[in-house]
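# Per-entry structural report
For reference, the chains in residue letters:
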Amino acid sequence: MDIATGAMKTLLPKLGELLLGEFKLQKGVKGEIEVLKEELSSMNAALCKVSEVPAEQLDEVTKIWARDVRELSYDIEDAVDTFILQGMGQEPAKTFGFKGFIDRTINLLKKAMSNHQHHGVIKDIMKQVNMVNKRHKRYKVSDVATRGPIISTVDPRLEAMFTKATELIGIDGPKNELAKILVDEGSSSGQQPMIISIVGCGGLGKTTLANALLHDLKTKFDCQVFVSVSHNPDIKTILKNILGQLDEYANINEAWDVVQLINKIIKLHENKRFLCVIDDVWNEWAWDTVKFALQDAKHGSKIVITTRNKAVAEHAGGVVYELKPLSVDASRKLFNKRIFDIEDGCPPGLREVAGNILKKCDGVPLAIITTASLLASKPRHTREWENVNNSIGFGLEKSPAVEKMKNILNLSYNDLPFHLKTCLLSLSKYPEDKKIRKDVLIWSWIAEGFITEETRPAGTSLQVIGESYFIELINRSLIQPADIVDNDFHDGEVHACQVHDMVLELINQLSAEEGFVTTLLPDGQQAGTRTSAPQKKKIRRLSLHYSNRSYASPEEIAHLSRVRSFAVFGDVDSIPPLSSFHVLRVLQLEDCSGLDNNHLNDLGELRHLMFLQLWRYSATRLPESIGKLESLATLDIRYARSSVVMLPMSSIKLQKLVRLFANRVRLPDGLALGNMRSLRELVAIDFTPEVIEEIGNLKELRVLRIVVNYPDMEDGTRNSWEHFLLSLQRCTNLQDLFIETNVTTECSLDSMQYVPSSLQRFMSSGILMMAFPRWINSVTLSSLNTLSIQLCLDLLPHHLEMLAELPSLRFLRLWSAGIWKLQKLSIPSSACSFRCLRHFYFYSSWMILTFQPGAMPELQRLCLCFDPRLDRNNLDDLGLKNLHSLRHIVIKFLSVEPEDRQEAEAAIREDLKHSPNHPSLELLFLG
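Residues numbered from 1 in each chain as written. Predicted model: local features only at pLDDT ≥ 70, side-chain atom pairs only at ≥ 80, totals over all residues. Heavy atoms only, no water.

Across its full length, the protein chain holds 28 helices and 28 strands. Buried positions account for 55% of the 927 residues belonging to the protein chain. Of all intrachain contacts in the protein chain linking residues separated by at least 6 positions in sequence, the fraction that spans at least 24 positions is 66%. A total of about 39500 Å² of accessible surface is found on the protein chain, and carbon and sulfur atoms cover 50% of it. (Helix = DSSP H or I, 4+ residues; strand = E, 2+ residues; numbered from the N terminus. Buried < 20%, exposed > 50% of the residue type's maximum accessible area, 1.4 Å probe, protein only. Contact = heavy atoms within 4.5 Å. Areas by Shrake-Rupley, 256 points an atom, 1.4 Å probe, with all protein chains shown as cover.)

Structure representation (structure tokens):
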């Protein structure tokens, strides 16, 4: 139901734009629009009320009403967008003037083409609104939404709490690791309790792990406490539970308020050493209340928190332990144990299909147990197991175990605000196991109106809001961070995600039920169902997976007329006629290599298009018709098959283009890049004299990635660099600057007199700086958070001081190639030294860094590179134990002899032995 709310949220501001915009509306029409806006606002209020109730608790009448409101809001928004385009002189009447438009939506659009028929359009819309409103009143939808059925279910965590120790598989590693921290650390009597937060998605085994720790360590503590906070916590009940477990004979007065209960708990534990598990914490505020009863405990007391939300764990402080999925071996053992009672009991004939099933479960214990419980009741035949495998993929298998799994995932989904539900459901268009780029995801969210100006805080871009949505979904463990191979510009940030198969199954089902995305699989079936695509339901978003379906029939073409987003994944050699799409906002073609420009002949007809993705484009020039896409905000033509793609002259007409992304793009002679005044992100463009001059005219430019290709630029390169630096100084709003070359070269970037004070990220690849950049200082670059440079000199203490003083620096990568002489450089601690740095990569064959106590207090990831001629004495006491926030360390040894590896590893491990955060260590012996 939140989807309907989201649809309305994008429509209402557009009606306001009609009223306030410079459109020639007759007085009567303006009045009718005001009435319409008021009616829709009332409907939106009712929708918000409905959206507060979980979908499974709504009756069919309410669901039908909400669906009707959603469809109506889409229809009205399409009509309004068409009128706005027409009012701006962009929408020709012929776009909608062909046969086959018999739907009422298309009638509205037809009428919107004529200034003389505005009254008719509004009347038709009002008629539909009134019909929906009457249905709302007739069936008392608000009352239904408010009441909701009372559903009593068994808490799914109970099984995790009371599972026999002999049935736990794959838990020993994490349990022993956490037990060591809990027992070894902070045993002194004068300190506050240590906090460890176990973070992971639903079903990963957080509660099981915490309960196993409680059981194994009970002799190490005076008392133990286990309380579940859950989604809607009753704080008084939780505090009473803690009090009762601390003292089973406590006489609890039911009249005590929260403050009195907290005081009683504090008094009880003041002389005790306890281990307390606070399970299933969803919100920061819940922990903020419970902690008052526990935070002053001494005597080496420990608190273990489990949560799906990483933000909650970071808010609580202490150690954040991200629980990983089971290994392939542990997954197989757990699977077999549940079905065959022994860990290696799977018959040879079932092992292949069992492997396919386990791949879908992806190491999530609850998914494995749920699926194994289902299979245990089936005949042990390959065909039966294949049917279950396919059914689980579609989410159609009905059993108590599967329903329990779905209920657990639904808890996370229902906890989302409506805008995040919409964003999460949009991921149902992607294939299984797909790595989804964060930038593409956010651009599509913006284009479809999932991120709106209405909710944008002053001074915050839609892109930044989208990134916060992305991180929130990761923190809630509904999407998983994924790596993209781009070593030159890796900056420690998450740039992609994947959706766990079980989560994808859930959102496919929800999306199919809501009619949000129609996803057609290679066999023609619709994801989330067992049927082919519905022929009578309106399709608003269409995704084709590895399919060459042409949509050639008139009936199929009619379905495309209302599609807002069209995505094709996989290599295809045909697509539906682009002229069939009348209100398309998003066009994503993952692999265009099999298409020619004839398939894009009607590209210019997509007047509503805001996001165009043409990956692996095979032609050398984009079609001229692209210049007709006046609404286009994002053009993404990365991974082109040709070495460089030429933009057409018509590109100058793209006055709303905000971002242009490519691997290499070239401008035709005479195209003045500076005239594209809305351009904010330019990645990646050829380094030519014309481009160098024009860059300085892009006053709104925020992101720039320049590609320097040799030998193309060999003649006059120094002059080109100097002109580029002068042009760059005119880009006063620049935030991200990336410069790469295809061969390592020297340049004068270190001598820049000025860089924009707004600069947040500077990364270079293949650029050697012969001197330490004079523009690196804390006054000029107070906002710089990411820096990657290659120095053709030794790093000196005063260079390090300049870097340490950068107040916002979070990621630093340095290459230092100086004289071949062993040197040591100490990184000291001070209040202003590397105060925010979280990722540090340092590559130098002859320089050793040592870390003083308190150095780099926020550092989480460290990567160092050592020369083979260093002996153990040089590796002793690097001070790695002084990096108190360190979680991961990677050390690379160049060409180390096999007999020396053990000694080098021993020296590093000895240094880390007393590290308070117990970071993971990865040693790489190269050569």
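Right, let's talk about the packing of aromatic side chains for a bit. Evaluated as defined, the whole model comprises 12 aromatic pairs. Feature note: the residues F335, F340 and W385 constitute an aromatic cluster, connected by ring pairs. Over the ring of F221 we find R273; its NZ or CZ atom is 4.4 Å from the centre of that ring. (Phe/Tyr/Trp six-rings, centres within 6.5 Å; stacked < 30°, edge-to-face > 60°. Lys NZ or Arg CZ within 6 Å of the ring centre and 35° of its normal.)

With that out of the way, let us pick up the packing of helix 15 (residues 351-361) against helix 16 (residues 365-376). With their axes 9 Å apart at the nearest point, helix 15 and helix 16 run at an angle of 145° to one another. As helix 15 runs across helix 16, the sense of the crossing is right-handed. For the pair formed by helix 15 and helix 16, the contact residues are I357, L358 and C361 on the first element and A367, I368, T371 and L375 on the second. Across the contact of helix 15 with helix 16, the residue classes tally to 6 nonpolar, 1 polar and no charged. (Axes fitted to C-alpha atoms, helices over the stretch in contact; angles between N-to-C directions. Left-handed = near helix turned anticlockwise from the far one by under 90°. Nonpolar A, V, L, I, M, F, W, Y, C, P; charged D, E, K, R; others polar.)

Of the residues in the protein chain, 78% reach a pLDDT of 70 or more, and the chain-wide mean stands at 79. At the level of individual helices and strands, the protein chain shows its lowest average pLDDT in helix 4 (residues 104-111), which scores 41, and its highest in strand 13 (residues 611-614), which scores 96. Confidence drops under a pLDDT of 50 for residues 90-117, and excluding neighbours within four residues, the segment shows 59 contacts in the predicted structure. Scored below 50 in pLDDT, residues 186-190 makes 10 contacts in the model with residues more than four places away or belonging to other chains. (pLDDT = per-residue confidence, 0-100.)

Another aspect to go through is the sheet that holds strand 4 (residues 302-307). Paired through backbone hydrogen bonds, the strands of a sheet run either parallel or antiparallel to each other. Spatially, 2-3-4-1-5 is the arrangement adopted by the 5 strands of the open sheet, whose pairing is parallel. A strand with exactly one partner marks an edge of an open sheet, and here the two such strands are strand 2 (223-230) and strand 5 (319-322). Strand-to-strand twist of the sheet, defined as the mean angle between neighbouring strand axes without regard to direction, takes the value 15°. In this sheet, strand 4 lies alongside strand 3 (residues 274-281) in parallel orientation, the contact comprising 4 bridges. Within strand 4, the residue paired with I278 across the bridge is I305. (Pairing = 2+ DSSP bridges.)

A word on the side chain of D591. You can see D591 is positioned in strand 12 (residues 586-591). Despite its burial, D591 remains without a salt bridge, the nearest opposite charge being carried by R641 at 4.0 Å. At a separation of 2.6 Å, a polar atom in the side chain of D591 contacts the side chain of S593. In this view, D591 contacts G570, D571, V572, W615, R616 and R641; residues no more than four positions away in its chain are not counted. (Lys, Arg positive; Asp, Glu negative; His and termini not counted. Salt bridge = Lys/Arg side-chain N within 4 Å of Asp/Glu carboxyl O. Polar contact = N/O pair within 3.5 Å; in protein donor to acceptor, adjacent residues only side chain to side chain.)

The next thing to look at is the packing of helix 8 (residues 172-184) against helix 9 (residues 206-216). For any two helices packed against each other, one specifies the crossing angle of their axes together with the interaxial distance. At their nearest, the axes of helix 8 and helix 9 sit 10 Å apart, and the two run at 55° to each other. Taken together, the axes of helix 8 and helix 9 are oblique relative to one another. Both helix 8 and helix 9 take part in a crossing whose hand is right-handed. Note on element contacts: helix 9 touches helix 8 through L209, A212, L213 and D216, opposite P174, K175, L178, A179 and L182. Class assignment of the residues belonging to the contact of helix 8 with helix 9 gives a composition of 7 nonpolar, no polar and 2 charged. (Parallel < 35°, antiparallel > 145°, perpendicular 65-115°, else oblique.)

Moving on, we get to the sheet that holds strand 8 (residues 496-498). Spatially, 3 strands are ordered 6-8-7 in an open sheet, and the strand pairing comes out antiparallel. Two strands in the sheet have a free side with no partner beyond their single neighbour: strand 6 (436-437) and strand 7 (480-482). Bridge count between strand 7 and strand 8: 3 bridges; the pairing is antiparallel. The residue bridging P481 from the neighbouring strand is C497, located in strand 8.

Moving on to helix 22 (residues 501-514). End to end, helix 22 covers 20 Å across 14 residues, agreeing with the expected 20 Å (1.5 Å per residue, within 8%). Buried residues dominate helix 22, accounting for 13 of its 14 residues. Where helix 22 terminates, the next one or two residues include G515, which has phi positive at roughly 70°. (Expected span 1.5 Å × (residues − 1).)

With that settled, the discussion passes to the pattern of salt bridges. Under the criterion given, the structure shown has 22 salt bridges. Across the pair D329 and K333 runs a salt bridge, and its minimum N-O distance is 3.3 Å. Placement of both D329 and K333 in helix 14 (residues 328-340) is noted, with a separation of 4 residues, approximately one turn of the helix. A relative accessible area of 36% means that D329 is categorised as partly exposed. One salt bridge in this structure joins E740 and R705, with 3.0 Å as the shortest N-O distance. On the criterion of sequence distance, the pair formed by E740 in strand 19 (residues 736-747) and R705 in strand 18 (residues 703-708) is long-range, its members being 35 residues apart. For E740, a relative accessible area of 17% corresponds to the buried category. A single salt-bridge network, built from bridges that share partners, covers D329, R332, K333 and D344.

Looking now at the nonpolar core. With 113 residues, the main nonpolar core has F724, F762 and F840 as its most contacted residues. Those residues in contact with F840, other than ones at most four positions away along the chain, are L812, L814, I827, L849, M856, L859, R861, L862 and C863. Counting residues in hydrophobic clusters, the runner-up holds 103 residues, among them L350, A354, L358 and C497. (Core = buried A, V, L, I, M, F, W, Y, C linked by side-chain atoms within 4.5 Å.)

What follows concerns helix 10 (residues 235-246). Helix length check: helix 10, at 12 residues, gives a terminal C-alpha distance of 17 Å against a target of 16 Å (1.5 Å per residue), a fit within 8%. Contact partners of the buried residues in helix 10: strand 2, helix 11 (258-269) and helix 12 (284-290).

Our next topic: the side chain of Q613. Within the fold, Q613 resides in strand 13. Judged by relative accessible area, Q613 falls into the buried class, the value being 2%. When sequence neighbours within four positions are dropped, the list of residues in contact with Q613 reads V440, L587, Q588, L589, E590 and D636.

Here the focus is the environment of V320. The residue V320 is located in strand 5 in this model. Setting aside chain neighbours within four positions, we find V320 in contact with S197, V199, A313, E314 and R887.

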